[in-house]
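Chain and residue survey
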Amino acid sequence: MILKKWTTSFGLFSLSALVALTACGTPASPGKEGKEAAAGEAAAEGGKKTLTIATVNNPDMAIMQKLAKDYEKETGTTVKFSVLPENDLRKQVTVDVSMGGGKYDIVTIGNYDAAIWAKNKWIEPLTSYFDSMPADAKAKYDLDDIFPAVRDGLTYDNQLYALPFYGESSMLYYNKDMLAKAGVTMPEHPTWEQVAEIAKKVKAANNVPGIVLRGLPGWGEVLAPLNSIIHAFGGSWYDMNWNAKLNSPETVKAVKFYADLLKEAGQPGATTTGFTEALTLMSTGKAAMWYDATVAAGFLNNPKNSQVVGKIGYVKAPSAAKDNTGWLWSWNLAIEAASKNKAEAFKFLTWATSKEYIAKVGESEGWVVAPPGTRKSTYENPKYKEAAPFADIVMQSMLSADYKKPAKDPVPYQGIQFVSIPEFQQLGTEVSQDIAAALTGSTSVEDAMKKAQEKAEKVAVSGGYKK
(Lines give C-alpha, C1' and ligand atoms only; values in the text may rest on other atoms or scores of the structure.)
Protein backbone atom coordinates (compact mmCIF):
# COMPACT_ATOMS: atom_id res chain seq x y z
CA MET A 1 0.00 0.00 0.00
CA ILE A 2 1.38 3.40 -0.99
CA LEU A 3 0.92 5.93 1.81
CA LYS A 4 -0.19 9.33 0.60
CA LYS A 5 -0.31 12.67 2.41
CA TRP A 6 -3.77 12.24 3.81
CA THR A 7 -2.94 9.00 5.63
CA THR A 8 0.13 10.25 7.37
CA SER A 9 -1.53 11.06 10.66
CA PHE A 10 -3.21 7.71 10.99
CA GLY A 11 -2.42 4.22 12.18
CA LEU A 12 0.59 5.16 14.27
CA PHE A 13 2.55 2.45 16.06
CA SER A 14 2.05 2.31 19.83
CA LEU A 15 4.81 4.21 21.61
CA SER A 16 4.31 2.27 24.81
CA ALA A 17 4.64 -1.01 22.90
CA LEU A 18 7.90 0.17 21.40
CA VAL A 19 9.31 1.10 24.78
CA ALA A 20 8.29 -2.33 26.02
CA LEU A 21 10.16 -3.90 23.10
CA THR A 22 13.34 -2.07 23.95
CA ALA A 23 12.98 -2.93 27.64
CA CYS A 24 12.76 -6.59 26.73
CA GLY A 25 15.85 -6.32 24.56
CA THR A 26 13.98 -7.27 21.38
CA PRO A 27 14.04 -4.25 19.10
CA ALA A 28 12.60 -4.64 15.63
CA SER A 29 15.06 -5.72 12.98
CA PRO A 30 15.86 -2.92 10.57
CA GLY A 31 14.95 -3.25 6.93
CA LYS A 32 17.45 -3.33 4.09
CA GLU A 33 17.71 0.45 3.87
CA GLY A 34 17.90 0.75 7.63
CA LYS A 35 20.85 -1.67 7.73
CA GLU A 36 22.67 0.41 5.15
CA ALA A 37 22.16 3.61 7.12
CA ALA A 38 24.69 4.73 9.70
CA ALA A 39 24.40 8.04 11.49
CA GLY A 40 27.45 10.14 11.95
CA GLU A 41 29.64 8.18 9.60
CA ALA A 42 32.31 10.14 7.83
CA ALA A 43 32.67 9.51 4.13
CA ALA A 44 35.64 7.34 3.36
CA GLU A 45 37.19 9.93 1.09
CA GLY A 46 37.89 13.57 1.73
CA GLY A 47 36.38 13.62 5.23
CA LYS A 48 32.96 14.56 3.84
CA LYS A 49 30.01 14.15 6.14
CA THR A 50 27.12 11.76 5.53
CA LEU A 51 23.66 12.54 6.86
CA THR A 52 21.19 9.69 7.23
CA ILE A 53 17.52 10.59 7.21
CA ALA A 54 14.75 8.22 8.29
CA THR A 55 11.54 9.17 6.58
CA VAL A 56 8.10 8.07 5.46
CA ASN A 57 7.36 7.11 1.86
CA ASN A 58 4.96 9.89 0.91
CA PRO A 59 5.01 12.11 -2.20
CA ASP A 60 6.59 15.10 -0.44
CA MET A 61 9.56 13.04 0.69
CA ALA A 62 9.99 11.47 -2.74
CA ILE A 63 10.45 14.99 -4.11
CA MET A 64 12.86 15.84 -1.28
CA GLN A 65 15.03 12.85 -2.14
CA LYS A 66 15.18 14.01 -5.74
CA LEU A 67 16.08 17.59 -4.87
CA ALA A 68 18.59 16.57 -2.18
CA LYS A 69 21.02 15.92 -5.03
CA ASP A 70 21.23 19.69 -5.42
CA TYR A 71 21.98 20.03 -1.70
CA GLU A 72 24.80 17.53 -2.00
CA LYS A 73 26.33 19.50 -4.86
CA GLU A 74 26.01 22.78 -2.97
CA THR A 75 27.43 21.57 0.34
CA GLY A 76 29.54 18.49 -0.36
CA THR A 77 27.51 16.59 2.25
CA THR A 78 26.19 13.17 1.28
CA VAL A 79 22.53 12.63 2.12
CA LYS A 80 21.18 9.11 2.54
CA PHE A 81 17.46 8.41 2.94
CA SER A 82 16.11 5.38 4.75
CA VAL A 83 12.59 5.34 3.33
CA LEU A 84 10.11 3.10 5.11
CA PRO A 85 6.37 2.51 5.37
CA GLU A 86 4.94 4.59 8.20
CA ASN A 87 4.57 1.84 10.79
CA ASP A 88 8.04 0.45 10.05
CA LEU A 89 9.48 3.96 10.21
CA ARG A 90 7.94 4.63 13.60
CA LYS A 91 9.02 1.24 14.92
CA GLN A 92 12.66 1.51 13.88
CA VAL A 93 13.12 5.18 14.71
CA THR A 94 11.47 4.93 18.12
CA VAL A 95 13.61 1.96 19.07
CA ASP A 96 16.74 3.79 17.92
CA VAL A 97 16.06 7.09 19.68
CA SER A 98 14.87 5.45 22.89
CA MET A 99 18.13 3.48 23.08
CA GLY A 100 20.32 6.40 22.00
CA GLY A 101 21.51 4.37 19.04
CA GLY A 102 22.28 7.30 16.76
CA LYS A 103 21.58 5.30 13.60
CA TYR A 104 19.87 8.31 12.05
CA ASP A 105 20.87 11.96 12.07
CA ILE A 106 17.46 13.26 11.04
CA VAL A 107 14.11 11.62 11.80
CA THR A 108 10.61 12.26 10.48
CA ILE A 109 7.99 12.69 13.20
CA GLY A 110 4.41 13.94 13.51
CA ASN A 111 3.37 16.85 15.70
CA TYR A 112 1.73 14.27 17.98
CA ASP A 113 5.21 12.87 18.71
CA ALA A 114 7.16 16.12 19.08
CA ALA A 115 6.46 17.02 22.71
CA ILE A 116 6.59 13.38 23.84
CA TRP A 117 9.96 12.80 22.21
CA ALA A 118 11.27 16.15 23.42
CA LYS A 119 10.30 15.32 27.00
CA ASN A 120 12.16 12.02 26.69
CA LYS A 121 15.23 13.86 25.32
CA TRP A 122 15.17 11.74 22.18
CA ILE A 123 15.48 14.71 19.82
CA GLU A 124 17.65 17.82 19.85
CA PRO A 125 16.23 21.27 20.79
CA LEU A 126 16.70 23.66 17.89
CA THR A 127 16.29 27.06 19.53
CA SER A 128 20.00 27.47 20.34
CA TYR A 129 20.91 26.64 16.75
CA PHE A 130 18.68 29.44 15.50
CA ASP A 131 20.11 31.80 18.11
CA SER A 132 23.59 31.06 16.76
CA MET A 133 22.70 31.69 13.12
CA PRO A 134 24.03 34.84 11.41
CA ALA A 135 21.37 37.54 11.43
CA ASP A 136 20.93 37.49 7.65
CA ALA A 137 20.57 33.70 7.51
CA LYS A 138 18.08 33.73 10.37
CA ALA A 139 16.05 36.47 8.69
CA LYS A 140 16.12 34.59 5.39
CA TYR A 141 14.81 31.41 7.00
CA ASP A 142 12.11 33.47 8.78
CA LEU A 143 10.69 31.34 11.60
CA ASP A 144 7.81 33.79 11.95
CA ASP A 145 6.64 32.79 8.48
CA ILE A 146 5.78 29.30 9.75
CA PHE A 147 2.14 29.05 10.82
CA PRO A 148 1.99 29.71 14.59
CA ALA A 149 -0.16 26.67 15.30
CA VAL A 150 2.36 24.45 13.52
CA ARG A 151 5.23 25.93 15.53
CA ASP A 152 3.24 25.44 18.72
CA GLY A 153 2.84 21.76 17.93
CA LEU A 154 6.61 21.39 17.67
CA THR A 155 7.46 23.31 20.84
CA TYR A 156 8.08 21.86 24.28
CA ASP A 157 9.14 23.83 27.36
CA ASN A 158 9.64 26.95 25.22
CA GLN A 159 12.08 25.13 22.92
CA LEU A 160 11.49 24.34 19.24
CA TYR A 161 12.28 20.68 18.51
CA ALA A 162 11.44 20.12 14.83
CA LEU A 163 10.77 21.94 11.57
CA PRO A 164 7.73 21.22 9.37
CA PHE A 165 7.73 20.23 5.70
CA TYR A 166 4.00 19.45 5.38
CA GLY A 167 0.89 20.48 7.34
CA GLU A 168 -2.89 20.36 7.23
CA SER A 169 -5.99 21.55 9.02
CA SER A 170 -9.60 20.59 8.35
CA MET A 171 -12.49 22.29 6.55
CA LEU A 172 -15.91 21.67 5.04
CA TYR A 173 -16.21 20.97 1.32
CA TYR A 174 -19.52 21.37 -0.52
CA ASN A 175 -20.78 20.79 -4.04
CA LYS A 176 -22.09 24.17 -5.20
CA ASP A 177 -24.36 22.67 -7.88
CA MET A 178 -26.03 20.31 -5.41
CA LEU A 179 -26.66 23.06 -2.89
CA ALA A 180 -28.09 25.27 -5.62
CA LYS A 181 -30.45 22.47 -6.71
CA ALA A 182 -31.67 22.22 -3.13
CA GLY A 183 -32.16 25.99 -2.99
CA VAL A 184 -29.78 26.48 -0.08
CA THR A 185 -26.75 28.69 0.44
CA MET A 186 -23.73 27.82 2.56
CA PRO A 187 -23.06 30.50 5.20
CA GLU A 188 -19.56 31.92 5.26
CA HIS A 189 -19.12 30.71 8.85
CA PRO A 190 -21.63 27.88 9.38
CA THR A 191 -22.49 26.24 12.66
CA TRP A 192 -22.77 22.48 12.86
CA GLU A 193 -26.53 22.77 13.31
CA GLN A 194 -26.74 24.73 10.05
CA VAL A 195 -24.61 22.12 8.31
CA ALA A 196 -26.96 19.38 9.52
CA GLU A 197 -30.01 21.19 8.14
CA ILE A 198 -28.31 21.78 4.79
CA ALA A 199 -27.22 18.15 4.61
CA LYS A 200 -30.80 16.93 5.00
CA LYS A 201 -32.10 19.28 2.31
CA VAL A 202 -29.44 18.50 -0.27
CA LYS A 203 -29.84 14.78 0.32
CA ALA A 204 -33.54 15.03 -0.46
CA ALA A 205 -32.98 17.21 -3.53
CA ASN A 206 -30.08 15.26 -5.06
CA ASN A 207 -30.65 11.70 -3.88
CA VAL A 208 -27.07 11.42 -2.62
CA PRO A 209 -25.65 11.60 0.90
CA GLY A 210 -25.99 15.16 2.13
CA ILE A 211 -22.67 14.82 3.91
CA VAL A 212 -19.95 12.20 4.15
CA LEU A 213 -18.04 11.72 7.40
CA ARG A 214 -15.50 9.17 8.51
CA GLY A 215 -16.85 6.29 10.60
CA LEU A 216 -14.00 3.83 10.26
CA PRO A 217 -12.65 2.88 13.71
CA GLY A 218 -9.22 4.26 14.55
CA TRP A 219 -7.86 7.18 16.58
CA GLY A 220 -6.82 8.84 13.34
CA GLU A 221 -9.88 7.81 11.36
CA VAL A 222 -13.30 8.48 12.91
CA LEU A 223 -11.79 10.35 15.85
CA ALA A 224 -10.00 12.87 13.63
CA PRO A 225 -13.20 14.67 12.58
CA LEU A 226 -15.20 13.62 15.64
CA ASN A 227 -12.68 14.94 18.16
CA SER A 228 -12.76 18.36 16.52
CA ILE A 229 -16.57 18.27 16.75
CA ILE A 230 -16.43 17.17 20.40
CA HIS A 231 -14.25 20.19 21.13
CA ALA A 232 -16.55 22.41 19.06
CA PHE A 233 -19.53 21.37 21.18
CA GLY A 234 -17.71 22.25 24.39
CA GLY A 235 -16.70 18.71 25.25
CA SER A 236 -13.26 17.33 26.04
CA TRP A 237 -11.40 14.17 27.01
CA TYR A 238 -10.25 15.44 30.42
CA ASP A 239 -10.62 18.42 32.70
CA MET A 240 -7.68 20.21 34.34
CA ASN A 241 -7.56 17.61 37.13
CA TRP A 242 -7.41 14.75 34.63
CA ASN A 243 -10.94 13.64 35.37
CA ALA A 244 -12.24 11.92 32.24
CA LYS A 245 -15.07 13.82 30.53
CA LEU A 246 -16.16 11.41 27.81
CA ASN A 247 -19.59 10.93 29.37
CA SER A 248 -20.13 14.63 30.06
CA PRO A 249 -23.31 16.15 28.57
CA GLU A 250 -21.29 18.18 26.06
CA THR A 251 -19.24 15.23 24.81
CA VAL A 252 -22.25 12.91 24.61
CA LYS A 253 -24.19 15.61 22.75
CA ALA A 254 -21.40 15.92 20.17
CA VAL A 255 -21.15 12.17 19.58
CA LYS A 256 -24.93 11.86 19.36
CA PHE A 257 -25.00 14.74 16.87
CA TYR A 258 -22.39 12.95 14.74
CA ALA A 259 -24.26 9.63 14.87
CA ASP A 260 -27.62 11.27 14.08
CA LEU A 261 -26.15 13.31 11.21
CA LEU A 262 -24.74 10.16 9.62
CA LYS A 263 -28.01 8.32 10.13
CA GLU A 264 -30.23 11.09 8.75
CA ALA A 265 -28.08 12.56 5.99
CA GLY A 266 -24.81 10.62 5.70
CA GLN A 267 -23.50 7.75 3.61
CA PRO A 268 -24.58 4.15 4.27
CA GLY A 269 -22.08 1.84 5.91
CA ALA A 270 -20.30 4.70 7.64
CA THR A 271 -18.06 2.45 9.73
CA THR A 272 -16.29 1.33 6.54
CA THR A 273 -15.59 4.92 5.46
CA GLY A 274 -12.13 6.36 6.03
CA PHE A 275 -10.47 9.27 4.26
CA THR A 276 -9.93 7.46 0.97
CA GLU A 277 -13.51 6.18 0.72
CA ALA A 278 -14.89 9.62 1.57
CA LEU A 279 -12.66 11.27 -1.02
CA THR A 280 -13.95 8.86 -3.67
CA LEU A 281 -17.56 9.71 -2.87
CA MET A 282 -16.95 13.45 -2.99
CA SER A 283 -14.70 13.46 -6.05
CA THR A 284 -17.14 11.37 -8.10
CA GLY A 285 -20.12 13.59 -7.31
CA LYS A 286 -21.77 11.03 -5.04
CA ALA A 287 -21.90 13.25 -1.96
CA ALA A 288 -22.91 16.86 -1.43
CA MET A 289 -20.62 17.82 1.49
CA TRP A 290 -17.58 16.48 3.28
CA TYR A 291 -15.73 17.55 6.44
CA ASP A 292 -12.10 16.46 6.39
CA ALA A 293 -8.44 17.41 5.87
CA THR A 294 -7.48 20.53 3.91
CA VAL A 295 -5.07 18.44 1.84
CA ALA A 296 -8.09 16.96 0.04
CA ALA A 297 -8.64 20.26 -1.77
CA GLY A 298 -5.84 19.49 -4.19
CA PHE A 299 -7.28 16.10 -5.08
CA LEU A 300 -10.79 17.47 -5.59
CA ASN A 301 -9.33 20.02 -8.01
CA ASN A 302 -7.19 17.58 -9.98
CA PRO A 303 -8.91 16.81 -13.31
CA LYS A 304 -6.96 13.56 -13.54
CA ASN A 305 -8.81 12.13 -10.55
CA SER A 306 -11.84 14.31 -9.86
CA GLN A 307 -15.19 14.72 -11.60
CA VAL A 308 -16.10 17.83 -9.60
CA VAL A 309 -13.33 20.24 -10.57
CA GLY A 310 -14.65 23.79 -10.34
CA LYS A 311 -17.80 22.71 -8.50
CA ILE A 312 -16.44 22.65 -4.95
CA GLY A 313 -16.84 25.40 -2.36
CA TYR A 314 -14.96 25.62 0.92
CA VAL A 315 -15.58 26.97 4.41
CA LYS A 316 -13.59 26.67 7.62
CA ALA A 317 -14.44 24.01 10.18
CA PRO A 318 -18.01 24.67 11.42
CA SER A 319 -18.51 25.99 14.95
CA ALA A 320 -20.81 25.26 17.88
CA ALA A 321 -19.97 26.31 21.44
CA LYS A 322 -16.40 26.98 20.29
CA ASP A 323 -14.92 28.56 17.16
CA ASN A 324 -11.58 27.68 15.55
CA THR A 325 -12.04 23.92 15.74
CA GLY A 326 -10.16 22.81 12.63
CA TRP A 327 -7.62 20.14 13.46
CA LEU A 328 -3.86 20.30 12.98
CA TRP A 329 -1.36 17.76 11.69
CA SER A 330 2.17 18.12 10.37
CA TRP A 331 5.08 15.96 9.26
CA ASN A 332 8.37 17.35 10.52
CA LEU A 333 12.12 16.85 10.53
CA ALA A 334 14.00 16.58 13.84
CA ILE A 335 17.60 15.86 14.82
CA GLU A 336 18.16 12.66 16.75
CA ALA A 337 19.76 13.45 20.10
CA ALA A 338 22.44 10.83 19.54
CA SER A 339 23.46 12.13 16.11
CA LYS A 340 27.16 12.87 15.69
CA ASN A 341 26.47 15.38 12.92
CA LYS A 342 24.05 17.79 14.57
CA ALA A 343 25.41 20.97 12.99
CA GLU A 344 25.24 19.46 9.51
CA ALA A 345 21.81 18.04 10.25
CA PHE A 346 20.53 21.48 11.27
CA LYS A 347 21.77 22.92 7.97
CA PHE A 348 19.78 20.30 6.08
CA LEU A 349 16.67 20.90 8.19
CA THR A 350 16.70 24.59 7.41
CA TRP A 351 17.35 23.92 3.71
CA ALA A 352 14.53 21.37 3.36
CA THR A 353 11.93 23.51 5.16
CA SER A 354 12.87 26.92 3.77
CA LYS A 355 11.01 29.31 1.48
CA GLU A 356 13.66 28.64 -1.14
CA TYR A 357 13.05 24.90 -1.01
CA ILE A 358 9.30 25.37 -1.48
CA ALA A 359 10.00 27.61 -4.47
CA LYS A 360 12.39 24.98 -5.86
CA VAL A 361 9.63 22.36 -5.67
CA GLY A 362 7.12 24.72 -7.24
CA GLU A 363 9.35 25.61 -10.15
CA SER A 364 10.66 22.11 -10.83
CA GLU A 365 7.67 19.91 -9.98
CA GLY A 366 4.68 22.25 -10.30
CA TRP A 367 3.25 24.68 -7.76
CA VAL A 368 0.22 22.52 -7.04
CA VAL A 369 2.55 19.99 -5.35
CA ALA A 370 4.56 22.54 -3.38
CA PRO A 371 4.72 21.44 0.29
CA PRO A 372 1.45 22.70 1.83
CA GLY A 373 0.41 23.89 5.24
CA THR A 374 3.67 25.19 6.69
CA ARG A 375 4.38 28.79 5.62
CA LYS A 376 2.24 31.89 5.22
CA SER A 377 4.39 33.02 2.29
CA THR A 378 3.36 29.96 0.26
CA TYR A 379 -0.26 31.05 0.45
CA GLU A 380 0.62 34.61 -0.51
CA ASN A 381 2.60 33.52 -3.57
CA PRO A 382 0.69 34.40 -6.79
CA LYS A 383 2.01 31.29 -8.55
CA TYR A 384 0.72 29.01 -5.81
CA LYS A 385 -2.60 30.83 -5.55
CA GLU A 386 -3.12 30.44 -9.30
CA ALA A 387 -2.47 26.70 -9.08
CA ALA A 388 -4.49 26.29 -5.86
CA PRO A 389 -7.78 28.24 -5.81
CA PHE A 390 -8.37 26.94 -2.29
CA ALA A 391 -5.19 28.56 -0.95
CA ASP A 392 -6.87 31.37 1.00
CA ILE A 393 -9.27 29.18 2.97
CA VAL A 394 -6.50 26.71 3.79
CA MET A 395 -4.29 29.51 5.04
CA GLN A 396 -7.12 30.83 7.22
CA SER A 397 -7.69 27.34 8.60
CA MET A 398 -4.02 26.88 9.42
CA LEU A 399 -3.75 30.29 11.06
CA SER A 400 -6.80 29.74 13.24
CA ALA A 401 -6.06 26.17 14.37
CA ASP A 402 -6.18 26.35 18.17
CA TYR A 403 -3.61 23.67 19.00
CA LYS A 404 -2.74 24.91 22.49
CA LYS A 405 -6.36 25.43 23.52
CA PRO A 406 -8.37 22.76 21.74
CA ALA A 407 -11.41 22.84 24.05
CA LYS A 408 -13.83 25.55 25.13
CA ASP A 409 -12.78 25.15 28.77
CA PRO A 410 -9.16 24.71 29.95
CA VAL A 411 -7.74 21.21 29.52
CA PRO A 412 -4.37 19.72 30.56
CA TYR A 413 -3.51 18.48 27.07
CA GLN A 414 -2.78 19.93 23.65
CA GLY A 415 -3.91 18.65 20.27
CA ILE A 416 -7.27 18.98 18.52
CA GLN A 417 -7.91 15.62 16.86
CA PHE A 418 -5.75 13.82 19.42
CA VAL A 419 -4.71 14.10 23.07
CA SER A 420 -0.98 14.73 23.44
CA ILE A 421 -0.14 11.79 25.72
CA PRO A 422 1.60 8.56 24.64
CA GLU A 423 -1.34 6.42 25.81
CA PHE A 424 -3.75 8.11 23.42
CA GLN A 425 -2.92 5.87 20.49
CA GLN A 426 -4.30 2.78 22.20
CA LEU A 427 -6.95 4.61 24.20
CA GLY A 428 -8.22 6.46 21.14
CA THR A 429 -8.39 3.29 19.09
CA GLU A 430 -10.40 1.49 21.79
CA VAL A 431 -12.76 4.43 22.24
CA SER A 432 -13.25 4.66 18.48
CA GLN A 433 -14.43 1.06 18.50
CA ASP A 434 -17.02 1.88 21.15
CA ILE A 435 -18.19 4.82 19.04
CA ALA A 436 -18.33 2.69 15.89
CA ALA A 437 -20.71 0.35 17.73
CA ALA A 438 -22.96 3.32 18.39
CA LEU A 439 -22.79 4.39 14.74
CA THR A 440 -24.03 0.98 13.64
CA GLY A 441 -26.84 1.08 16.20
CA SER A 442 -25.64 -2.00 18.10
CA THR A 443 -25.38 0.12 21.23
CA SER A 444 -26.54 3.55 22.32
CA VAL A 445 -24.29 6.59 22.30
CA GLU A 446 -24.77 6.88 26.05
CA ASP A 447 -23.63 3.31 26.68
CA ALA A 448 -20.70 3.67 24.29
CA MET A 449 -19.50 6.79 26.03
CA LYS A 450 -19.93 5.19 29.44
CA LYS A 451 -17.48 2.48 28.35
CA ALA A 452 -15.18 5.11 26.87
CA GLN A 453 -15.29 7.07 30.13
CA GLU A 454 -14.12 4.06 32.13
CA LYS A 455 -11.19 3.50 29.77
CA ALA A 456 -10.15 7.14 29.86
CA GLU A 457 -10.29 7.16 33.67
CA LYS A 458 -8.05 4.09 33.84
CA VAL A 459 -5.47 5.77 31.59
CA ALA A 460 -5.51 8.91 33.72
CA VAL A 461 -4.69 6.83 36.81
CA SER A 462 -2.30 4.28 35.32
CA GLY A 463 -0.44 7.00 33.41
CA GLY A 464 0.11 8.94 36.61
CA TYR A 465 -1.74 12.01 35.33
CA LYS A 466 -4.49 11.99 37.92
CA LYS A 467 -3.22 12.75 41.41
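Our subject in this report is the structure included herewith. (Residues numbered from 1 in each chain as written. Predicted model: local features only at pLDDT ≥ 70, side-chain atom pairs only at ≥ 80, totals over all residues. Heavy atoms only, no water.)

**Looking at the layout of surface pockets**
- For the second largest pocket, the calculated volume is near 440 Å³.
- Contributing to the lining of the second largest pocket are 18 residues, with Ala-115, Ile-116, Lys-119, Tyr-156 and Ser-420 lying nearest its centre.
- Mapped by element, the contributors of at least two residues to the lining of the second largest pocket are helix H5 (111-119) and strand E4 (155-156).
- Here the element with the most residues in the lining of the second largest pocket is H5; it accounts for 3 residues.
- Here the lining of the second largest pocket is composed, by residue class, of 9 nonpolar, 5 polar and 4 charged. (1 Å grid on protein atoms, 1.4 Å probe; cavity = no way out; pocket = protein on both sides within 12 Å on 5 of 7 lines; lining within 4 Å. Points joined across faces, edges and corners; volume = space filled by probe spheres on them. Helix = DSSP H or I, 4+ residues; strand = E, 2+ residues; numbered from the N terminus. Nonpolar A, V, L, I, M, F, W, Y, C, P; charged D, E, K, R; others polar.)

**Digging into the nonpolar core**
- Among the nonpolar cores identified, the biggest contains 153 residues, and Tyr-173, Trp-237, Tyr-238, Met-289, Trp-290 and Phe-348 are the most heavily contacted of them.
- Top contributing element to this core by residue count: helix H12 (residues 249-265), with 9 residues. (Core = buried A, V, L, I, M, F, W, Y, C linked by side-chain atoms within 4.5 Å. Buried < 20%, exposed > 50% of the residue type's maximum accessible area, 1.4 Å probe, protein only.)

**Remarks on the sheet that holds strand E9 (residues 312-316)**
- The 3 strands are arranged E8-E7-E9 in an open sheet whose pairing can be described as antiparallel. The two strands at the open ends of the sheet, each matched to only one other strand, are strand E8 (289-293) and E9. Averaged over all neighbouring strand pairs, the angle between strand axes comes to 30 degrees, with direction disregarded.
- Lying over the sheet, helix H13 (residues 275-283) contacts strand E7 (170-175), E8 and E9, oriented at roughly 140 degrees with respect to E8. (Pairing = 2+ DSSP bridges. Axes fitted to C-alpha atoms, helices over the stretch in contact; angles between N-to-C directions. Contact = heavy atoms within 4.5 Å.)

**Some thoughts on the side chain of Ser-228**
- If you trace the backbone, Ser-228 turns up in helix H11 (residues 223-232).
- The class for Ser-228 is buried, based on a relative accessible area of 1%.
- A polar contact of 2.8 Å, which involves the side chain of Ser-228, links it to the side chain of Tyr-291.
- Ignoring anything within four residues of it in the chain, the contact list for Ser-228 reads Tyr-291, Thr-325, Trp-327 and Ile-416. (Polar contact = N/O pair within 3.5 Å; in protein donor to acceptor, adjacent residues only side chain to side chain.)

**Digging into the pairing of E8**
- Counting buried residues along E8, 5 of its 5 residues qualify, which places the element largely inside the surrounding structure.
- Bridge count between E7 and E8: 5 bridges; the pairing is antiparallel. Bridged to Ser-170 within E8 is Ala-293.

**Observations regarding the packing of aromatic side chains**
- Under the defined criterion, the tally for this structure stands at 30 aromatic pairs.
- Their ring planes at 70 degrees and their centres at 5.6 Å tell us that Trp-117 and Trp-122 sit as a pair that is edge-to-face.
- For Trp-117, a relative accessible area of 2% puts it in the buried group.
- Judged by its relative accessible area of 10%, Trp-122 falls in the buried class.
- Here the aromatic rings of Phe-348 and Trp-351 are separated by 5.4 Å at their centres, their planes lie at 40 degrees, and the arrangement is tilted. In this pair, Phe-348 and Trp-351 both sit in helix H15 (residues 342-352), 3 residues apart, roughly one turn of the helix. Both residues of the pair, Phe-348 and Trp-351, count as buried.
- Positioned above the aromatic ring of Tyr-141 is the side chain of Arg-375, whose terminal nitrogen or guanidinium carbon lies 4.6 Å from the ring centre. (Phe/Tyr/Trp six-rings, centres within 6.5 Å; stacked < 30°, edge-to-face > 60°. Lys NZ or Arg CZ within 6 Å of the ring centre and 35° of its normal.)

**Quick notes on H13**
- Turning to H13, its buried residues are Phe-275, Ala-278, Leu-279, Met-282 and Ser-283. Projected down its long axis, H13 carries its buried residues within an arc of 125 degrees, all on one side.
- For H13, the elements touching its buried residues are E7, E8, helix H14 (296-300) and E9.
- In the stretch just after H13, Gly-285 is the one whose phi turns positive, near 75 degrees. (Arc of directions from axis to C-beta.)

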